[in-house]
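Observations on the model geometry
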Amino acid sequence: MTKQVKQLEAQLGVQLFTRSRAGMALTEPGQVLARRVPSLLAEWDEASRETKGTASRIARVLCVGFIASAANESTVDILGVFARRRPGWRVDMRQAAWSNPTAGLADGDVDVALLRLPFPGEDALRVEVLFTEPRWIALPAAHPLAERAEIPFRELWDEPFVAAPAETGEWRDYWLAAGERDGRPIRIGAVTEQPDEWLGAIASGYGIALTPASAARFYARPGVTYRPVTDIDPTRVGVGWAPAADADPVVQDFVRSCLDTHP
């Protein structure tokens, strides 16, 4: 980082920091630059998004990010409705790791995304909720609770959980149901980013995990059992896009396709 700061100072021809044994402090020119950085980064993100979007439009490709099973079985129906609206267009579906809860939307890597709510940065994007589904629990097949028809969430509070990376913030907290434990501390048995890693950790007995009910259909695996959980809020699936895409007719056609499939 020090090398990068010195390179920037050399490029600008000004001193950005004063250095002492106590650390580094911004100079007056450094403070001016610091105030401009957020707007500069926002402009760069917008320029990057527009550049990628223009390239996609020329190729007639819509990039759709998604998490896990996207919009479940209705994903195919959504793509079919969009294909009828936009003949000749191709949808490039891009699955994201759980360390990227916006599925590339916040970074401008995709045009639109099928997402699980809530997620970090949700307020900065446009989101329409399509449907809800219960949260279930995935647990090792040999777990003592695996024989139960359904499990009250309070009976799972002291179990180790398989979690998303800590940097995902409220996304991780939601799938740990951090706000629904009456203050009981959370035990983390493993941290994973991808479905295969997640399933492997559960089957190996490192922990259990809250999951959409649809995971029992999309991620069936020997050694992993799914059971309904009571006394816990359902999860929501939504379609998201950047505010800059409000005037993008292709993105809006995809959004309408989602809403038509889930009126």
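The following refers to the structure shown. Since the model is a prediction, treat every value here as computed from it, not as a measurement.

**A word on the pattern of salt bridges**
- Under the definition given, this model contains eleven salt bridges.
- For R184, the salt bridge goes to D158, with nearest N and O atoms at 2.9 Å. In this pair, R184 sits in the loop between α4 (170–175) and β10 (187–191) while D158 sits in the loop between β8 (151–152) and β9 (160–163), placing the two residues 26 residues apart along the sequence.
- Relative accessible area serves as the criterion here: at 34%, R184 is assigned to the partly exposed category.
- Each of R86, D253 and R256 takes part in salt bridges that share partners, so that together they form one network.

**What about empty space enclosed by the protein?**
- Considering all chains together, one arrives at one cavity of 30 Å³ or more under this definition.
- Quantified by volume, the largest cavity comes out at close to 300 Å³.
- Along its surface, the largest cavity is lined by 21 residues, and W98, W175, W198, L210 and P212 are the ones closest to its centre.
- Counting residues per element, the ones that place at least two in the lining of the largest cavity are β9, α4, α5 (195–203) and β11 (209–212).
- The biggest single contributor to the lining of the largest cavity is β11, with four residues.
- Split by residue class, the lining of the largest cavity holds 16 nonpolar, three polar and two charged.

Cut-off values and rules
Residues numbered from 1 in each chain as written. Predicted model: local features only at pLDDT ≥ 70, side-chain atom pairs only at ≥ 80, totals over all residues. Heavy atoms only, no water. Salt bridge = Lys/Arg side-chain N within 4 Å of Asp/Glu carboxyl O. Helix = DSSP H or I, 4+ residues; strand = E, 2+ residues; numbered from the N terminus. Buried < 20%, exposed > 50% of the residue type's maximum accessible area, 1.4 Å probe, protein only. 1 Å grid on protein atoms, 1.4 Å probe; cavity = no way out; pocket = protein on both sides within 12 Å on 5 of 7 lines; lining within 4 Å. Points joined across faces, edges and corners; volume = space filled by probe spheres on them. Nonpolar A, V, L, I, M, F, W, Y, C, P; charged D, E, K, R; others polar.

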